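# Remarks on the overall topology
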Amino acid sequence: MQLTSKERLIRQARGQDIDRIPSIGGWMNGAANLASLGGISLDQYLADPLAGVVKANVALGVDAMVQPAVPQTAAEIRTGSVTESHFAGIEPEALQERADSLPDREVDVLASFDYAAEERHYRTYFETALADWQGIVPLPNFWEIGGHFPLYSEFGYTAFLTACALYPEHVGKIWWVKSLHSRERAWILVKLFREYDLVPMMFCGEDLCNNKGPMVSPAFLRKHYLPHVKMIIEPLVDAGVRLIHHCDGDVRPVIDDFIAIGFSGFQGFQYELGIDIGDLRARRSALGEELLFFAGMSVSRTLPYGSPAEIADEIDYFVDCTDGGRGMFLFTSNVTGVEVPPDNLRAAYSYIKTIKPYRQGSAKPRVWPWSVAHPE
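Attention here is on the structure that accompanies the text. In this text the structure is predicted, and so the values were computed from the model without any measurement.

### Description of the sheet that holds strand β7 (residues 242-247)
- Strand order in the open sheet made by the five strands is β4-β7-β8-β9-β10, with parallel pairing throughout. Edge positions in the sheet fall to β4 (201-204) and β10 (328-332), since each has one partner strand and no second. Each strand of the sheet is rotated relative to its neighbour by a mean of 25°, with strand direction disregarded.

Right under this line is the structure:
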């Protein structure tokens, strides 16, 4: 059986037989690294960074690509940082005031939603990807669909977290207003998934955990946040789109909550915190589906500092934990840093193609190999 990338992705999402475990690219940083992967010079990369990113991922042989990291300069080393010093002087009352300034009725909130502009935005993304990604399948990761937890990016961590304690209803109202707009975006995406015949999967879900667990209590999330996320994603879930939640930090206390509101897969994982894919694999979605895993290779341990053999051991661990790769898609746990050797990425994406899916009889224990070889 020889499948196209699109066929492979769809069949894996549906729990059907596949010829090999699919792989996903797009989250790789470092202009020089991407140029190396793509077999071009740094100057060639910088002349057209998106084209360089595509070349790098084509060279790796990925089946799909999420909305990619596209470093624009040789000096760019990371994405998405929030620096608390930038929010000096902002008090938690700023969130209270923001909430009080927002409409109280759904009809008034939606009056400011520009359907035509939002649809144009998504159409441009998909049409560009389908035209310019040289056959790599787009797997969208539109963060606005996975919830609007990180108000810390607008107000800073201190003001945001303090407001969660002092003004929970106000924080919840801000999330509700943002979520009403994103629910409408989800309806637009349902239409476009059908029109463009896209792979029925999407990757989303905002960071709400750190290394110690959720930033706020699970009880707070269940009351003030998660119902709004459920409202956003319900159109996509009902349309059969499998949603994969990004998992930074220790997400174990809220994994079952993500499943309960409609997510049926997970991506990322910081295994050094005790995250065990084998344990998560035992769960089922709210619709009874086997979970999907964008099994992220560690961007803090194995990819930057491991050998090709250690990378292969980590991939074998993912395969073993998913009963031979069922529902597994090889990906990175987050955006790789400039410290990741291109040869390690080549080794990883090459190795996954050698593994027979659903293989049986592995004697390897389901323990993250890095933790055994490098106890901390």
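### Points about the side chain of Arg281
- Mapping Arg281 onto the fold places it in helix α14 (residues 277-281).
- Among the residues examined, Arg281 registers a relative accessible area of 5% and is labelled buried.
- Every residue in contact with Arg281, bar those within four places of it in the chain, is listed here: Glu290, Leu291, Phe293, Cys321, Thr322, Asp323 and Arg326.

### As for the side chain of Arg242
- Mapping Arg242 onto the fold places it in strand β7.
- A polar contact of 2.8 Å, which involves the side chain of Arg242, links it to the backbone oxygen of Ala13.
- Those residues in contact with Arg242 that lie beyond four places of it in its chain are Ala13, Pro200, Met201, Met202, Ser264, Glu289, Glu290, Leu291 and Leu292.

### Section: unusual backbone geometry
- Not every positive phi belongs to a glycine, and Gln134 is a case in point at roughly 50°.
- Inspection of the secondary structure assignment puts Gln134 in the loop between α7 (115-132) and β3 (137-138).
- Phi is positive for Asp197, close to 50°, though the residue is something other than glycine.
- Mapped onto the fold, Asp197 is located in the loop between α10 (168-195) and β4.

### Comments concerning the packing of helix α2 (residues 31-38) against helix α4 (residues 49-60)
- Remark: α2 packs on α4, axes separated minimally by 7 Å, with the N-to-C direction vectors making an angle of 50°. Our classification of the angle between α2 and α4 gives oblique. In the crossing of α2 with α4, the sense of the turn from one axis to the other is left-handed. In contact with Leu34, Leu37 and Gly38 of α2, α4 contributes Gly52, Val53, Lys55, Ala56, Ala59 and Leu60.

### Some points on the packing of aromatic side chains
- All told, the structure shown has 33 aromatic pairs when counted by the stated rule.
- Aromatic pair Trp27 and Trp143: ring centres 6.0 Å apart, planes at 35°, arrangement tilted. You can see Trp27 sitting in the loop between β1 (24-25) and α2 and its partner Trp143 sitting in the loop between β3 and α8 (152-155), a full 116 residues away along the chain.
- Looking at Trp27, the relative accessible area reads 6%, which means it is buried.
- Measuring from centroid to centroid gives 6.0 Å for Tyr125 and Trp133, while their planes differ by 90°, and the two rings are edge-to-face. Trp133 carries the same exposure label as Tyr125, and that label is buried.
- Aromatic ring contacts, followed pair by pair, group Tyr122, Tyr125, Phe126, Trp133, Phe142, Phe193 and Tyr196 into a single cluster.
- Taking NZ or CZ as reference, Arg326 lies 4.1 Å from the ring centre of Tyr358, over its face.

About the cut-offs
- Residues numbered from 1 in each chain as written.
- Predicted model: local features only at pLDDT ≥ 70, side-chain atom pairs only at ≥ 80, totals over all residues.
- Heavy atoms only, no water.
- Pairing = 2+ DSSP bridges.
- Helix = DSSP H or I, 4+ residues; strand = E, 2+ residues; numbered from the N terminus.
- Axes fitted to C-alpha atoms, helices over the stretch in contact; angles between N-to-C directions.
- Buried < 20%, exposed > 50% of the residue type's maximum accessible area, 1.4 Å probe, protein only.
- Contact = heavy atoms within 4.5 Å.
- Polar contact = N/O pair within 3.5 Å; in protein donor to acceptor, adjacent residues only side chain to side chain.
- Parallel < 35°, antiparallel > 145°, perpendicular 65-115°, else oblique.
- Left-handed = near helix turned anticlockwise from the far one by under 90°.
- Phe/Tyr/Trp six-rings, centres within 6.5 Å; stacked < 30°, edge-to-face > 60°.
- Lys NZ or Arg CZ within 6 Å of the ring centre and 35° of its normal.

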